[in-house]
Amino acid sequence: MDLKELKNLIVEFKDDAKKLSSTADFEELRIKYAGKKGKLAEAFEEFKKLGASEKKEFGQKLNELKREVEEEIAKLQENFLNKKSESPIDTFLKTLPGRQPEAGHLHIITQAIREIVEIFKPLGFVRVRHPEIDWEWFAFEVLNIPATHPARDEWETFFVDAPEDKKYGRLVITPHTSNGQVHEMLKNDLPIRMLGISRCGRRQEDVRHLQTFFQFEGLAVDKGISISHLKGTLDYFAKNFFGPGREIRLRPYVFRFTEPSFEVDINCGLCLGKGCKFCKGGWVELGGAGMVHPNVLKAGGIDPKIYTGFAFGWGVERTYMMKSGTKIDDIRHLFNNDLRFLEQF
Amino acid sequence: MNILVPQNWLKDYVETEAKPAEIANALSLHAFSVEKINETASGESVFEIEITPNRGDALSVLGIAREVAALLPRLGFSAKWQEPKIKTGQEADKFKLDVQIKDKSLVPRFCALVLEDVQIKDSPDFIKQRLEVVGQRPLNNVIDITNYLMFDKGQPMHAFDYDKIKGAKMIVRESKKGEKLITLDGAERELPAGVIVIEDGEGRLIDLCGIMGAKNSEVDENTKRVLLFVQVYDPVRIRKSSMALGHRTEAALRFEKGIDFDGVIPALWEAAEMMKQYANAKEASKLIDILNVEYIPKTVLVDYAKINLVAGVEISKQEVDEILTGLGFVFDGQNVKVPSWRYDDIELPEDLAEEVIRFYGYYKLPNKLLIGDLPKSADQDLFFWEDVAKNFLKHRGFFECYTNSATNKERASEDALCLSNPLTEEFKYLKTSLLPQLLGVVEKNLGYGDKIKVFELANVYLKKDRALPAQPLRLGLAVKGMEYLDFKGEIEALQKEMGIKNRQDFEILEFENSVLAAEINFEDWAGQSQKVKTYLPLCSFNSIKEDLTFVVPDSKITYSDIEKIILAIDERILKLEFKDIYKNFLTLAIEYLDREKQISSAETQEIRKKIFDRLEKELKVKLKL
């Protein structure tokens with residue numbers, strides 16, 4: 001053995017020391033280097049064989065090496081053996097559940113709104129907000145629903161006890177987000193791709209209806225917009241919101257502010273449209289939509305000969321509850337603010 | 001409204017091999033939703049169909065048959081149309097009716113015919129059965145025929161006992177408030193003003209027009225002469241009256257949606273014919289037909305380009321023409337004449353586009369995404385900061401709440417806007433602050449646990465004179481089981497999270513049960529927020545930190561008095577933080593840094609001395625010794 005091999009020996013030792021993962025490994029290492037027949041002992045045997053001239057330097061190095069190995073082994077021993085000395089209660093303590101920070105919760109409506117926004121964002125729909133207390137004018141008149149029209153009764157509208165405006169009529173809690181359509185058009189900034197999400201109010205309350213609720217309203221106005229664009233947009237939404245196998249279909253319907261108007265169905269999540277016990281015909285009603293009525297465009301200062309558009313306005317809570325899995329049987333939970341309900345979301 | 005259409009009845013008009021489910025599917029996808037196919041005891045299929053309010057013409061077997069006959073051939077089914085024969089009876093000139101119409105707008109078309117030698121008895125079985133299937137109780141042959149034709153043709157009609165019309169005189173007018181009559185169902189009804197009624201020669205009210213006949217002129221088993229009565233009333237008045245009276249009859253529901261002007265006379269003759277056949281009746285008067293409005297046939301432009309634009313696919317001219325013709329439109333150059341039964345519903349080229357595309361099939365249109373110019377972008381910052389705040393508060397253990405937009409009197413402020421038609425007292429005043437309802441949430445959940453932390457981010461509604469109410473976005477927070485300074489710290493930390501550089505003041509309110517709350521004008525905060533963070537170069541010199549404890553004197557001073565003084569003393573004071581307070585011993589952590597060179601302890605000592613001097617001099621705050 002020469003000096004070079006002696007140097008290698010320490011390198012080898014350090015490498016081995018790094019690989020330790022158990023007490024047994026450590027024991028093996030100790031025997032390999034510091035044992036009676038270990039590498040150090042071996043080196044001392046070699047030392048004895050050397051001539052006097054070499055002995056001096058080799059001996060010195062060998063002693064340094066021995067010290068280094070022994071110190072290192074002592075350190076490692078401490079590390080490994082101390083673990084062994086942990087008392088049972090100490091071990092038990094570490095099996096206890098961790099102390100979690102207090103958990104807060106975002107309301108299910110916020111979560112639903114975020115999901116909806118994230119789906120429409122890549123399609124270029126820009127989120128906007130319109131008045132929640134608005135003039136009758138924007139909630140009805142400009143939407144092609146004159147005061148005498150029976151369609152007005154379909155919205156169970158709340159009126160505010162305040163003086164009427166000569167042009168704009170009474171103040172209402174807007175019964176739908178469609179009041180935002182003409183507000184948006186009057187900004188005079190075409191083309192429009194808006195996503196309006198606001199609170200609405202209607203005079204009804206039961207397991208499926210709330211006096212306060214949210215709607216999301218999509219409106220696109222541009223040259224050349226067709227029903228195909230409406231279908232594509234809603235289908236994109238359905239696939240992203242409800243799942244890849246889902247699709248929508250349009251059926252004829254009537255709304256005053258769209259022409260043509262549609263009822264939008266989605267294929268049933270269980271049978272995907274074949275028809276099953278749950279859905280009967282394979283399709284479930286999702287909400288209304290349509291091509292913006294020329295009178296609405298005109299009310300918004302837009303020339304219906306040049307521009308067309310589509311619109312849809314659906315209930316946030318209702319759409320979210322149609323997602324399978326939430327199992328919320330009574331929509332009134334949503335505004336009841338029972339913390340035992342809220343903590344589940 | 002929903003109507004019932006028996007398949008066998010439909011066969012009177014259209015012969016087809018299509019099965020009921022196939023007919024239902026075709027209607028649902030192209031015309032009206034068939035909600036159910038019911039089956040009668042004898043195995044007959046009955047369609048339950050939702051008719052949209054614009055389609056009064058479809059509130060009858062005939063109306064549905066028209067759609068079915070036009071639709072089925074397009075879907076590969078046979079459909080043979082059985083054109084109803086237009087019947088005309090023999091007018092006689094035996095009995096007269098003196099008609100006075102006070103206001104022509106009440107009754108655009110007034111038609112009637114007297115029949116004599118009427119034998120009142122049961123209707124034939126087919127009439128009774130059909131009426132039962134559509135939910136109408138059979139009464140006697142004359143009344144049943146009028147009901148039968150309402151379901152068949154969509155034209156409501158009425159039969160008076162002619163001899164009970166005193167003086168053979170009818171005055172059509174609007175009711176005065178408080179007038180009374182007993183309707184056929186035996187109910188005495190007190191009328192509001194403005195209901196269309198008929199008064200006879202003795203001043204008795206004998207009809208609640210378009211809604212229900214009066215008991216005093218009804219056809220009974222002794223009736224010999226009948227006045228067959230077929231009208232078109234003003235839809236708006238019928239609707240208002242029937243709503244005001246809470247009496248929504250099948251007749252009213254049809255009158256208020258508009259009646260086929262050209263269908264009146266054929267329906268009347270059909271009824272006369274049936275009464276001759278099943279009640280032995282004979283015509284005994286001239287046909288009375290008073291037209292109070294001029295009926296001008298309507299034409300609409302067929303805009304092929306528009307149809308293709310709206311559809312997003314090309315529909316050939318031939319197909320467009322076929323569809324419109326099938327639906328009863330008659331071509332006249334570039335225009336079509338609107339069929340009389342669609343008079344109220346078809347107005348614009350867009351309306352024709354709807355007719356064509358729904359028959360073409362919405363499901364056949366491709367799905368496309370929008371292309372074109374970039375839409376204008378609106379400022380999204382407020383939405384961004386809402387998300388930041390909500391996320392922060394959630395991670396700080398707050399529960400997000402949503403409360404109603406309105407509240408009760410107890411929780412409302414003095415100047416809150418009030419609803420004029422609230423549904424409940426709980427929901428009557430628009431909220432002007434988020435806190436009353438949030439405190440309610442805390443109160444309701446007191447049993448939930450030792451610590452409760454809730455927030456809501458929502459608009460409040462503030463009254464403005466003769467203008468839309470201001471609707472600012474607020475953040476409300478309420479907690480229970482938290483130390484005052486811990487709660488305050490949460491809100492301060494939120495400001496930091498939002499990148500608000502100039503600290504915003506806010507007020508913490510204290511309530512019973514050690515509940516704390518705060519309300520923030522969120523839009524103000526969002527306006528102060530910095531999305532882009534400007535970086536301050538890191539300094540290579542070390543700072544010196546030290547804690548100093550002061551004695552707060554027994555006088556009215558605030559922390560910010562102390563803070564202001566210290567921070568103004570020297571720009572090398574990098575940070576001042578509140579560390580602790582015990583009794584009136586206030587410990588502050590101060591950090592000194594010189595950005596130009598390493599600050600020495602001699603220099604900090606100099607600054608410290610100034611701090612002591614100024615605090616003592618201005619606020620009597622002394623170092624604790």
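Definitions and cut-offs
- Residues numbered from 1 in each chain as written.
- Chains lettered and ligands numbered in written order.
- Predicted model: local features only at pLDDT ≥ 70, side-chain atom pairs only at ≥ 80, totals over all residues.
- Helix = DSSP H or I, 4+ residues; strand = E, 2+ residues; numbered from the N terminus.
- Rg over C-alpha atoms; globule rule 2.2 N^0.38 Å.
- Buried ≥ 20, exposed ≤ 12 C-beta atoms within 10 Å, placed from the backbone.
- Contact = placed C-beta atoms within 7 Å.
- Pairing = 2+ DSSP bridges.
- Axes fitted to C-alpha atoms, helices over the stretch in contact; angles between N-to-C directions.
- Core = buried A, V, L, I, M, F, W, Y, C linked by C-beta atoms within 7 Å.
- Domains from an automatic or database assignment.
- Nonpolar A, V, L, I, M, F, W, Y, C, P; charged D, E, K, R; others polar.
- Expected span 1.5 Å × (residues − 1).
- pLDDT = per-residue confidence, 0-100.
- Parallel < 35°, antiparallel > 145°, perpendicular 65-115°, else oblique.
- Left-handed = near helix turned anticlockwise from the far one by under 90°.

Asker: When you look at the overall build of chain A in this model, what are you seeing that I'm missing?
Answerer: Each helix and strand counted, chain A has 12 helices and 10 strands in total. On C-alpha atoms alone, chain A measures out to a radius of gyration of 38 Å, which is more than a quarter above the 20 Å that the 2.2 N^0.38 rule sets for 345 residues. Along the first, second and third principal axes, the C-alpha set of chain A runs to 120 × 50 × 50 Å. The burial tally for chain A puts 39% of its 345 residues in the buried class.

Asker: Please clarify how the overall build of chain B should be interpreted in this entry.
Answerer: Along chain B, the regular secondary structure elements total 17 helices and 31 strands. Rg of the C-alpha trace for chain B: 40 Å, well past the compact-globule value of 25 Å for 625 residues, more than 25% over. The buried share among the 625 residues of chain B stands at 39%. For chain B, restricting intrachain contacts to residue pairs at least 6 apart in sequence, the fraction spanning at least 24 positions comes to 71%.

Asker: What is the right way to read the sheet that holds strand β29 (residues 573-582) of chain B from this model?
Answerer: To summarise the sheet geometry, strands pair through backbone hydrogen bonds and adopt either a parallel or an antiparallel arrangement. Residues and elements named next belong to chain B. Strand order in the open sheet formed by 4 strands is β29-β30-β28-β31, with antiparallel pairing between adjacent strands. Each having just a single partner strand, β29 and β31 (622-623) make up the two edges of the open sheet. The pairing of strand β28 (residues 544-551) with strand β30 (residues 585-592) spans 8 bridges and is classified as antiparallel. Paired with F550 across the strands is L586, a residue of β30. Of the strands in this sheet, β28, β29, β30 and β31 touch helix α17 (residues 601-619), which is tilted by about 25° from β28.

Asker: Help me understand the sheet that holds strand β4 (residues 171-173) of chain A in this model?
Answerer: Residue and element names in this part refer to chain A. If you trace the 3 strands from one edge of the open sheet to the other, you get β2-β4-β3, paired in antiparallel fashion. Strand pairing shows two members of the sheet lacking a second neighbour, β2 (133-135) and β3 (158-159), which therefore form its edges. The pairing of β2 with β4 spans 3 bridges and is antiparallel. Bridge pairing links D134 to V172 in β4.

Asker: I would appreciate a short explanation of the nonpolar core in the present structure.
Answerer: The nonpolar side chains of a soluble globular protein tend to be buried with one another. Residue and element names in this part refer to chain B. Core analysis: the largest hydrophobic core is formed by 222 residues, its most contacted members being V68, V226 and L228. Filtering out sequence-adjacent residues up to four positions away, V226 remains in contact with L115, V118, V142, A159, F160, D161, Y162, V219 and A281. If you look at the next biggest cluster of nonpolar residues, it comprises 9 residues, including F550, I562, L588 and L615.

Asker: Looking at this structure, I do not really get the pairing of β28(B). What am I missing?
Answerer: Side-chain direction in a regular strand flips from residue to residue, so the side chains alternate between the two faces of the sheet. Alignment of β28(B) against β31(B), held across 2 bridges, turns out to be antiparallel. Bridge pairing links B:V551 to B:K622 in β31(B).

Asker: Before we go on, may I ask you to explain the domain arrangement of chain B in this structure?
Answerer: Taken domain by domain, chain B holds domain 1 (2-81), domain 2 (98-291), domain 3 (300-364), domain 4 (381-528) and domain 5 (544-623). A separation of 60 Å is found between the C-alpha centroids of domain 2 of chain B and domain 4 of chain B.

Asker: What is the right way to read unusual backbone geometry from this model?
Answerer: As a rule of thumb, non-glycine residues mostly have phi less than zero, and peptide bonds are mostly trans rather than cis. Of note, the amide linkage connecting A:L190 to A:P191 takes the cis form, showing an omega dihedral of -5°. Relative to the helices and strands, A:P191 resides in the loop between α8 (179-185) and β5 (192-201). Here the amide bond leading from A:E259 into A:P260 is cis, since omega sits at -5°, within 30 degrees of zero. Tracing the backbone through its elements, the reader meets A:P260 in strand β8 (residues 258-267). With a phi close to 70°, A:N144 is a non-glycine residue in the positive phi region. Its identity as a non-glycine residue notwithstanding, B:S514 has a phi of 45°, on the positive side.

Asker: I tried to follow the interface of chain A and chain B on my own but got confused; where do I start?
Answerer: Interface size is often expressed as the accessible area that is lost when the parts come together. Each side of the interface is counted separately: chain A has 72 residues, and chain B has 72 residues. Of the residues belonging to the side of chain A that touches chain B, the class tally is 34 nonpolar, 17 polar and 21 charged.

Asker: Mind showing me how you'd approach the domain arrangement of chain A here?
Answerer: Taken domain by domain, chain A holds domain 1 (3-93) and domain 2 (108-342). Measuring from the centre of the C-alpha atoms in domain 1 of chain A to the corresponding centre in domain 2 of chain A gives 77 Å.

Asker: I would appreciate a short explanation of helix α6 (residues 108-120) of chain A in the present structure.
Answerer: Because each turn of an α-helix spans 3.6 residues, side chains separated by three or four positions end up pointing in the same direction. In a regular helix each residue adds 1.5 Å, so 13 residues correspond to 18 Å; α6(A) covers 19 Å between its end C-alpha atoms and thus fits that length. Listing the buried residues of α6(A) in full gives A:I108, A:I109, A:T110, A:A112, A:I113, A:I116 and A:F120. Buried residues belonging to α6(A) abut β5, β6 (212-222) and α11 (316-321) of chain A together with α12 (381-395) and β21 (399-400) of chain B.

Asker: Quick question: what am I supposed to make of the confidence of the model for chain B here?
Answerer: If pLDDT is low for a region, its predicted coordinates should not be looked at in detail. Per-residue pLDDT for chain B has a mean of 95; in total, 100% of the residues score no lower than 70. Quick note on the complex model: pTM equals 0.84, ipTM equals 0.87.

Asker: Even after reading the chapter, I still don't get the packing of helix α4 (residues 125-133) of chain B against helix α5 (residues 141-153) of chain B, so can you show me in this structure?
Answerer: The description of two packed helices rests on the angle between their axes and on the distance between the axes. Residue and element names in this part refer to chain B. Running from N to C, α4 and α5 cross one another at 55°; their axes reach a closest spacing of 10 Å. On the basis of the axis angle, α4 is oblique to α5. In this structure, α4 meets α5 at a crossing whose hand is left-handed. The residues of α5 that touch α4, namely those facing I127, R130 and L131, are D144, N147 and Y148. Taken together, the residues of the contact of α4 with α5 sort by class into 3 nonpolar, 1 polar and 2 charged.

Asker: It is not clear to me how the environment of B:N8 should be interpreted in this structure. Could you clarify?
Answerer: Residues and elements named next belong to chain B. Turning to its location among the elements, N8 is positioned in helix α1 (residues 7-10). For N8, a count of 16 C-beta atoms within 10 Å corresponds to the partly exposed category. Placed 36 residues apart in sequence, N8 and E44 show a C-alpha to C-alpha distance of 7.3 Å.

Asker: Quick question: what am I supposed to make of the environment of B:V460 here?
Answerer: Residue and element names in this part refer to chain B. Its place among the elements puts V460 in the loop between β24 (452-459) and β25 (473-480). Assessed through the 22 C-beta atoms surrounding it within 10 Å, V460 is described here as buried. With 281 residues separating them in the primary sequence, V460 and E179 have C-alpha atoms 47 Å apart. Those residues in contact with V460 that lie beyond four places of it in its chain are K431, T432, S433, L434, P472 and R474.

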